[in-house]
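One letter stands for each residue in the lines below.
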Amino acid sequence: MQSLTFETTSDTCLLHIDNLIMSYDIILRGGSLVDGTGSPAIQADVAINHNRIAEIGNLADALATSEIDVSGLVVAPGFIDTHNHSDGWVTQTSGQECKIAQGITTELLMSDGISYAPVNDDTWREWIYYLHSLDGLNMHQYGGGHSLQEYMEFAAGRSHQNIITQVPYANVRSLACGWSRNRVDDVQMRAIQREIRVGMEHGATGVSTGLDYVLQCFSDTDELAEACSVLNDFNGIYVTHVRYKKGLIPAINEAIEICTRAGCRLHISHLKGHDPYPPEVVLGRLEEAANDGLDIAFDVYPYQCGSTMLNYLLPYTVWEDGPTAAMKHITAPSFEREFEQILDDYRLDLDKVIIAWTALNDFESSWGQTLNEYVESTGKSTGRALIDLLIDNNLAVLCVVDEGDDHHVHPYLQHPMCMFGTDAIEMPNGKVHPRAFGSSARMIGRMVRDEKLFSLEEAVRKMTSFPAEWFGIEKRGQLKKDWFADLVVFDEQTVIDNATYESPRQNPDGIRLSIVNGAVVYQDGAVIKHDDAPGKYLRCGVE
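Remember, predicted model here, so these are calculated numbers, not experimental data.

Conventions used here
- Residues numbered from 1 in each chain as written.
- Predicted model: local features only at pLDDT ≥ 70, side-chain atom pairs only at ≥ 80, totals over all residues.
- Heavy atoms only, no water.
- 1 Å grid on protein atoms, 1.4 Å probe; cavity = no way out; pocket = protein on both sides within 12 Å on 5 of 7 lines; lining within 4 Å.
- Points joined across faces, edges and corners; volume = space filled by probe spheres on them.
- Helix = DSSP H or I, 4+ residues; strand = E, 2+ residues; numbered from the N terminus.
- Nonpolar A, V, L, I, M, F, W, Y, C, P; charged D, E, K, R; others polar.
- Contact = heavy atoms within 4.5 Å.
- Core = buried A, V, L, I, M, F, W, Y, C linked by side-chain atoms within 4.5 Å.
- Buried < 20%, exposed > 50% of the residue type's maximum accessible area, 1.4 Å probe, protein only.
- Salt bridge = Lys/Arg side-chain N within 4 Å of Asp/Glu carboxyl O.
- Pairing = 2+ DSSP bridges.
- Axes fitted to C-alpha atoms, helices over the stretch in contact; angles between N-to-C directions.
- Arc of directions from axis to C-beta.
- Expected span 1.5 Å × (residues − 1).
- Polar contact = N/O pair within 3.5 Å; in protein donor to acceptor, adjacent residues only side chain to side chain.
- Right-handed = clockwise from strand over helix to strand, strands pointing away.

*Asks:* Break down the layout of surface pockets for me, with residues and values.
*Replies:* Regions of empty space are outlined by a rolling probe, equal in size to a water molecule, passed over the atoms. The computed volume of the largest pocket comes to approximately 680 Å³. Asp212, Tyr244, Lys245, Tyr312 and Tyr346 are the residues nearest the centre of the largest pocket, which is lined by 34 residues in total. For the lining of the largest pocket, the elements supplying multiple residues, two or more each, are strand S17 (306–309) and helix H11 (335–345). It is S17 that provides the largest number of residues to the lining of the largest pocket, a total of three residues. The residue makeup of the lining of the largest pocket, split by class, is 15 nonpolar, eight polar and eleven charged. If you go around the second largest pocket, the residues you meet are Gly273, His274, Asp275, Tyr277, Pro278, Pro279, Gln304, Arg347, Leu348, Glu403, His408 and Tyr412. A per-class count over the lining of the second largest pocket returns five nonpolar, four polar and three charged.

*Asks:* Summarise the side chain of His132; cite the residues concerned and give the values.
*Replies:* Take His132: it is sitting in the loop between helix H3 (124–130) and helix H4 (148–156). Here His132 is in contact with Leu137, Asn138, Trp357, Ala359, Ala396 and Met427, once residues within four sequence places are set aside.

*Asks:* I'd like a description of the nonpolar core, backed by residues and values.
*Replies:* Ranked by size, the top nonpolar core spans 148 residues in total, and within it Ile196, Tyr238, Leu271, Phe298, Ile444 and Phe490 carry the most contacts. For this core, the element with the highest residue contribution is helix H8 (residues 248–262), accounting for nine residues. In contact with Leu271, not counting residues within four places along its chain, are Tyr244, Leu248, Ile252, Val282, Leu286, Phe298, Asp299, Val300 and Tyr412. Of all hydrophobic cores here, the second largest spans 18 residues; its members include Ile53, Ile68, Leu479 and Val489.

*Asks:* Report on the pattern of salt bridges, specifying residues and quantitative values.
*Replies:* Under the defined criterion, the tally for this structure stands at 30 salt bridges. A salt bridge links Lys99 to Asp81; its shortest N-O distance comes to 2.8 Å. Pair noted here: Lys99 is in helix H2 (residues 97–100) and Asp81 is in strand S9 (residues 79–81), with a separation of 18 residues, a long-range link. The same class applies to Lys99 and to Asp81, which are both buried. Between Arg446 and Asp497 there is a salt bridge, with the nearest N and O atoms lying 3.0 Å from each other. Of this pair, Arg446 sits in helix H15 (residues 435–450) while Asp497 is found in the loop between strand S21 (487–490) and strand S22 (511–516), placing the two residues 51 residues apart along the sequence. Look at the salt bridges and you will find they share partners, linking Arg183, Asp220, Asp222, Glu257 and Arg261 into a network.

*Asks:* Before we move on, could you go through the sheet that holds strand S12 (residues 167–168) and cite the residues and values that matter?
*Replies:* Judged by pairing direction, the sheet is parallel, and its six strands sit side by side in the order S12-S13-S14-S15-S16-S20 without closing on themselves. Both outer strands of the open sheet, S12 and strand S20 (418–420), are each paired with one neighbouring strand and no more. With four bridges connecting them, strand S14 (residues 237–241) and strand S15 (residues 265–268) associate as parallel partners. By the bridge assignment for S15, Val239 is matched with His267.

*Asks:* Report on the sheet that holds strand S18 (residues 353–358), specifying residues and quantitative values.
*Replies:* The three strands are arranged S17-S19-S18 in an open sheet whose pairing can be described as antiparallel. Only two strands of the sheet have a single neighbouring strand rather than two, namely S17 and S18. The sheet shows a mean angle of 25° between the axes of neighbouring strands, taken without regard to direction. Pairing between S18 and strand S19 (residues 397–401): five bridges, direction antiparallel. Pairing of Thr358 across the sheet is with Val397, part of S19.

*Asks:* How would you explain helix H12 (residues 371–378) if you had to name every residue and give the values?
*Replies:* It helps to recall that an α-helix has 3.6 residues per turn; residues three or four apart then point in one direction. Along H12, the residues that are buried comprise Leu371, Asn372, Tyr374 and Val375. What you see down the axis of H12 is that its buried residues fit within an arc of 160°, all on one side. Opposite the buried face of H12, at more than 90 degrees from it, the exposed residues are Glu376 and Ser377. Downstream of H12 by a residue or two, Gly379 has a phi angle that is positive, lying close to 75°.

*Asks:* Could you give an account of helix H6 (residues 186–201), naming the residues involved and the relevant values?
*Replies:* Across its 16 residues, H6 extends 22 Å between first and last C-alpha, which sits within 8% of the 22 Å expected from 1.5 Å per residue. If you check which residues of H6 are buried, you get Met189, Ile192, Gln193, Ile196, Gly199 and Met200. Buried residues of H6, viewed axially, fall in a sector of 120°; they line one side. In H6, the exposed residues that point more than 90 degrees away from the buried face are Val187, Arg194 and Glu201. Structurally, H6 contributes buried residues whose contacts are with H4, S12, helix H5 (169–177), strand S13 (206–210) and helix H7 (221–228). Two to three positions downstream of the cap, the backbone nitrogen of Val187 sits 3.1 Å from a side-chain oxygen, assigning the N-cap of H6 to Asp185.

*Asks:* Could you give me a rundown of the pairing of strand S16 (residues 296–300), with the residues and numbers involved?
*Replies:* Counting buried residues in S16 gives five out of five residues, a clear majority hidden from the surface. Neither face of S16 is left uncovered, since the one carrying Ile296, Phe298 and Val300 and the one carrying Ala297 and Asp299 both have all their residues buried. Two elements, S15 and S16, share three bridges in a ladder whose sense is parallel. Bridge assignment links His267 to a residue of S16, and that residue is Ala297. What joins S15 to S16 is helix H9 (residues 279–291), and the crossover it makes is right-handed.

Here you go:
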């Protein structure tokens, strides 16, 4: 029988077991542990020392510097956001409050092939200009260095969330080729592959592309397959916003071909249904490729509606000389007629596209208006009104796109290949998509409790261990002794997303506590700032 005595000092609490002394920084007491693996919940305490989980079990006789009663609440691994547009915000703030309040402890950055690194003296201004309505940086705020590693180290020193990166393909292509739409030659291809290799050696999870966006829209299947062949040496992933404008099945077929030829894994970003392809056709095509031996996964946010930049609707020709030169194209006398035709051919009516944010506050009264409503308010033609809107805001206009009832995304969320991502785009005071504030709570609340799409344990697995294993995030995504202490505590009965399309800037209810590397960063509705930011720059396959 072990003899137990307790001793409390001014700065730590110690448990004596015979001659063994155990000390804990934090104990979470009495919670229901959902460990991230999909296994049924268990009742247990969790002890944390420094940045690690020190013990899991019945710790009734132990003490700690901070003891937190979580009885009646769920304790889970911190959530991992596999697709977002936080690249600028993590360098400017201690972390996006809207993400920290959701229990998101790790962000996979540099989605859609576009970001702030790698760059050089000729390209960095172009990227800040292009990304203003997506990732939020202004010219005077840039300070992250040129290389991928420099940028991530700069961001990690300021972040209350962990960050891990991909190699953004358009950035790499712009270094090797400039902004030309010309076919990549052998010398340029070697430069592209070399830059991808450098990124992978510094811990990137793979290469991201956004084939409807700047520069990558000029990349063909052959180019991408050859460029991504480097990934085979690292077990890397080709992560792609496919060519949705070409149609979903043709776009998926291209992604499958690229990965089959390159010999790498495939991840499809923010997958959702698009007419005329029903979910069973889309998911059936992915299952067919998986049965043929291709390793595939995809991320989904729990909303059908989307969000992107208004300049997404511009023809690719405007990007041929780079983002800052786009203005000369859209101010050309012949452009209005060309743009009118593009708008006429767009798959959605402009009543389905809503202005969420503009760079100039002079246009704040338009936030929440549909494009048609905005056009009517100007008294101009559709093409002229939207061209002028883009010109006045230096192309920086963000939109929310109504793509139908949210139930349409449910079959994708339920699929075994699906993991969690928010695709969040946050803009201060903007009428942004509610996914920026509500995605995680919607997954573990509404989708579990109300829609009954899956169990709570499966929802947490899609948000934790599945993405951690897929992207090579070591010793995170599960509640295990000696693993890193990224945790979230929530009330499964009350957790709910409050953000709506009409009023998106509302944090969820029911998320009670968030811990990053052993540091409490969110508790009972308040973000807790630390002078020494606890977020880390994570590297694929490295503890």
